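An overview of the molecular structure
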Amino acid sequence: MLKSKTFMKKTRSGGVLKIVREHYLRDDIGCGCPNCETCPAPDSVVLQPEPPLRSRLLPDPHYLLPDTNVLLHQMDILDDPLIQNVIVLQTVLQEVRKRSAPVYKRIKDAINNPDKHFYTFTNEHHRDTYIEQEQGEGANDRNDRAIRTAAKWYNRHLVKSKETQQLRILLITNDKRNKEKAVEEGISAFTCEEYIKSLDANPELVDRLACISDEANDIESGRVLFPDHIALSKLQQGIKSGIYLQGTYRASRDNYLEATVWVHGDGVDNKEILIQGLRSLNRAVHEDIVAVELLSKEKWVAPSSVVLQDEAENEEDIENEEEKENMLKTAGTRSMSKPTGRVIGIIKRNWRPYCGMLSKSLIKEARKHLFTPADRSIPRIRIETRQADALEGQRIIVAIDGWPKTSRYPNGHFVRNLGTAGDKETETEVLLLEHDVPHQPFSQAVLSFLPQMPWKIKDEDMKHRIDLRHLCVCSVDPPGCTDIDDALHCRDLENGNLEVGVHIADVSHFIRPGNALDQESANRGTTVYLCDRRIDMVPDLLSSNLCSLRSDVDRLAFSCIWEMNHNAEILKTTFTKSVINSKASLTYAEAQMRIDSASMNDDITKSLRGLNKLAKILKKKRIDNGALTLSSPEVRFHIDSETHDPIDLQTKELKETNSMVEEFMLLANISVAQKIYDEFPEFALLRKHPAPPPANYDILVKAASSKDLEIKTDSAKALADSLDLADNPNFPYLNTLLRILATRCMMQAVYFCSGLDSDFHHYGLASPIYTHFTSPIRRYADVIVHRFLAAAIGADCTYPDLTDKNKLGDICKNINFRHKMAQYSQRSSVAFHTQLFFKNKGLVDEEGYILFVRKNAIVVLIPKFGLEGTVFFEEKDKRKAKVIYNDEIPTITVENTTFYMFDKVKVRITLDASNIQHQKIRMALVEPEIPGISIPKTSPQKSTNGEPVIKKSKIEP
């Protein structure tokens, strides 16, 4: 059956265009019920013939038919394994796709999960369920009517078959009008809350209900705490006219009454707007897109140096906020004031599920409690749960549902329990979730694109590929490395020159553009390395087997081969796909031993010595050209083989071979960057490192001058040269400290599309162009670069997305985000394992150096452990000690003892487990000894049963 619509449209040139839209209707679309006698047999069983869930509202077996708003707001309920046999209408699915991409993905995942028994019914193409929009009827009303029409059709349809006569359809809607009309039309309709509460056998599901009506959940008696948010349409007009500014809201982790808004767009006078005070923050949450009104200059304030955590004991503590806000205003000087504003509306909420812990109410039988997120930049959330006793001491996930203007805290609901706080697996799950690291097992759809095993190189694989298996290739990696991306070779040529090859795993041969494996790799963006595990970007079959350049097996590679003279000058560069057979998989230590050994002279050792000699020349050239040699303390944990707990902690030792490999990887990346840019000047995926603003170096220059040294920052070369000269024979670690501090001054390197940027320079490497080519097993950027290079040499062809600047820009945005989150995850993993290491150590005294001086504290680096900690100066009665801070030098004088940056001190290290969610390494000064300053003699407070104290809330929200 065919329905068509015809309408006329005026073109830009003034002509009239006739448009006909055809809509095909069918009568052979099945209902999804396997026992239906009137529908064609389904290809696979989707809905169950006997739905197991029973409700006291409807004792008969039934299927659920939710409307759009239920899907948008109650996905945590629909995701629960108990909720099965759901009919998702095409009308609903299309509307969800328009309104929320994350929810659409979740519902599609549920539909594709055979255990959930979700069935998509294409009601918009079924002859008996399609309806036309009536004159004067809104789109939402038409869609609601389409949903009711489908529900009525199902009820009529199912009674036609003997096997399905007992089945009923339950319309789940939170729309009052839609529910009333459904009941009038003879449809069984209930709100989501009514239905879930009717499942007497599963009361735990009630906790997962989202709070739809904020006003119904308010506990204040009509008291308004926040200003109204301005309507979105007015906000957009105000932003367009310049009255308001739009930006990303960044809450402070250290002060819950302060935030900044990073304004979007180029050419904006005030890029960063300071927000202070609860009413000015106006219910914005970290990472929301907000509209801001800039205050007049006389109302601008300075960022506060005060640390304030929200520890209100009850809702009435809101009265104390004004006093705290006044304290903030007096904490900064007028000369330090910054552009200040207030949030007047929300453009887009960027809420996510939050990990944290329940602060159980002290009021007996209370069901409403406060949830404290692990991320200090997120406000506490009020939830209702019947499981408070069971959830104490557990890490849980909570989602925000809304934040009414009459509520001190946002309302939310319990999602799931992650496990006991402090447990290694639980804490690892928390850090992965909090940093948005995709870590679920690879789906069957993804795995289906892996090669069949046993795998071997076929004749077609050799097309556009040369055989280099005869070369003496070897890899050099950290111990225990299984995802070997790169291998090297060096050999003498007959003409007296040298041939040097960098061979990189040919991952793009196995990951073809656009398939599920490619999409998953693109989404993950990078492999994440934690202290005790690895979260792979690609499945293990590729990362540790077929793509890993292990020794004594044939592997596909992408090779960059140079002909060089003995001064490491490049005479010729060749890029080619290849087949290699690595002759040795070495660790850095093993490669170093071969180079240094007088008794070893085999081909592998000769190759390594040649590579090492050239690498030293290349490094000197880079440094002479202005490349920076910076430092960052990295630690290595020795893990117990049985308990998997850290038993030793030490800084990583770097050898010559580390630098050797690095030099050739840098050279390959620069060579490939130039090649793909020459071939694809508008589309090449490159990597740049912006030069830091001059103000970033202030702390470095001041610190050096306090030690009578001069650091020049006019250019990267000036900085590199002055760092080389900044030496003190009596203080050999000083230069390392300066390089660590210089690293902190740097900007973040980022990926970008060459057609969307004009500044390609890599500041740290002093290179005019750069990219990443050498690690495609663990970086998706390298996979894209491999595809560009393959197209550039004619070994493969391009595809539409590879020559689309905007899509490449989106890819760069995602991999930049994933790379940043991977770094944060790694730091969190190091911090957690450091806490485990010191957990049973008691008190540890160790020497360190002052890295930073604060107003009431010093930040100390312990080189032995690569550990940083803050020493706060307090008297024994917890009153602040007499402290004088000098920002110009900078120094801090405590009770007549003056501390400079880089001074050597001895500190006492302890694990503070008094707050189980935010355990910390604490440091206290031992030497020099300051009279009246307390030094811990025992570990911080614990409860009588040995467990850390958990502060409870007196709030009955």
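Quick note: structure is the one above.
Residues numbered from 1 in each chain as written. Predicted model: local features only at pLDDT ≥ 70, side-chain atom pairs only at ≥ 80, totals over all residues. Heavy atoms only, no water.

What follows is about the sheet that holds strand β34 (residues 883–886). As summarised here, the arrangement of the three strands in space is β34-β35-β36, forming an open sheet in which the pairing is antiparallel. In the strand order of this sheet, the two ends are held by β34 and β36 (897–900), each with one partner. Going from strand to strand, the sheet's axes swing by 15° on average, the running direction of each strand aside. Strand direction decides the pairing type here: β34 and strand β35 (residues 891–894), joined by four bridges, are antiparallel. Residue pairing for β35: Tyr885 is matched across the bridge by Ile892. (Pairing = 2+ DSSP bridges. Helix = DSSP H or I, 4+ residues; strand = E, 2+ residues; numbered from the N terminus. Axes fitted to C-alpha atoms, helices over the stretch in contact; angles between N-to-C directions.)

As summarised here, the arrangement of the five strands in space is β33-β32-β31-β37-β38, forming an open sheet in which the pairing is antiparallel. Where the open sheet ends on each side, the last strands, each with one partner, are β33 (867–872) and β38 (920–927). The average undirected angle you get between the axes of adjacent strands in this sheet is 45°. Across four bridges, strand β31 (residues 844–853) lies against strand β32 (residues 857–862) in antiparallel orientation.

Take the pattern of salt bridges next. By the definition in use, this model includes 57 salt bridges. The partner of Lys717 in a salt bridge is Asp721, and the shortest N-O contact between them spans 3.4 Å. Of this pair, Lys717 and Asp721 both sit in helix α21 (residues 716–725), four residues apart, which is roughly one turn of that helix. Lys807 is paired through a salt bridge with Asp801; the nearest N and O atoms lie 3.2 Å apart. When its relative accessible area of 41% is taken as the criterion, Lys807 is described as partly exposed. Given a relative accessible area of 35%, Asp801 falls into the partly exposed group. One continuous salt-bridge network, built from bridges that share partners, spans Arg253, Arg352, Asp375 and Glu434. (Salt bridge = Lys/Arg side-chain N within 4 Å of Asp/Glu carboxyl O. Buried < 20%, exposed > 50% of the residue type's maximum accessible area, 1.4 Å probe, protein only.)

Turning to the pairing of β31, a few remarks are in order. Counting buried residues along β31, eight of its 10 residues qualify, which places the element largely inside the surrounding structure. Between the antiparallel neighbours β31 and β32 lie three residues.

As a further point, take the environment of Ala742. Relative to the helices and strands, Ala742 is located in helix α22 (residues 734–744). Ala742 sits 112 residues away from Leu630 along the chain, and the two C-alpha atoms are 6.9 Å apart. Excluding its chain neighbours within four sequence positions, the residues that come into contact with Ala742 are Leu630, Leu700 and Leu723. (Contact = heavy atoms within 4.5 Å.)

Right, let's get into the side chain of Glu499. On the secondary structure map, Glu499 appears in strand β21 (residues 498–505). At 2.8 Å, the side chain of Glu499 forms a polar contact with the side chain of His489. Among the polar contacts made by the side chain of Glu499, one reaches the side chain of Arg491 at a distance of 2.8 Å. Contact partners of Glu499, with chain neighbours within four places excluded, come to Leu471, His489, Cys490, Arg491, Leu493, Ile561 and Trp562. (Polar contact = N/O pair within 3.5 Å; in protein donor to acceptor, adjacent residues only side chain to side chain.)

Let us look at the packing of helix α5 (residues 139–158) against helix α6 (residues 176–184). Look at α5 against α6: their axes get within 11 Å of each other, and the N-to-C directions meet at 40°. Relative to α6, α5 is oriented so that their crossing is right-handed. Contacts between α5 and α6 pair Asp141, Asp144 and Arg148 from the former with Arg177, Asn178, Lys181 and Ala182 from the latter. Split by residue class, the contact of α5 with α6 holds one nonpolar, one polar and five charged. (Left-handed = near helix turned anticlockwise from the far one by under 90°. Nonpolar A, V, L, I, M, F, W, Y, C, P; charged D, E, K, R; others polar.)

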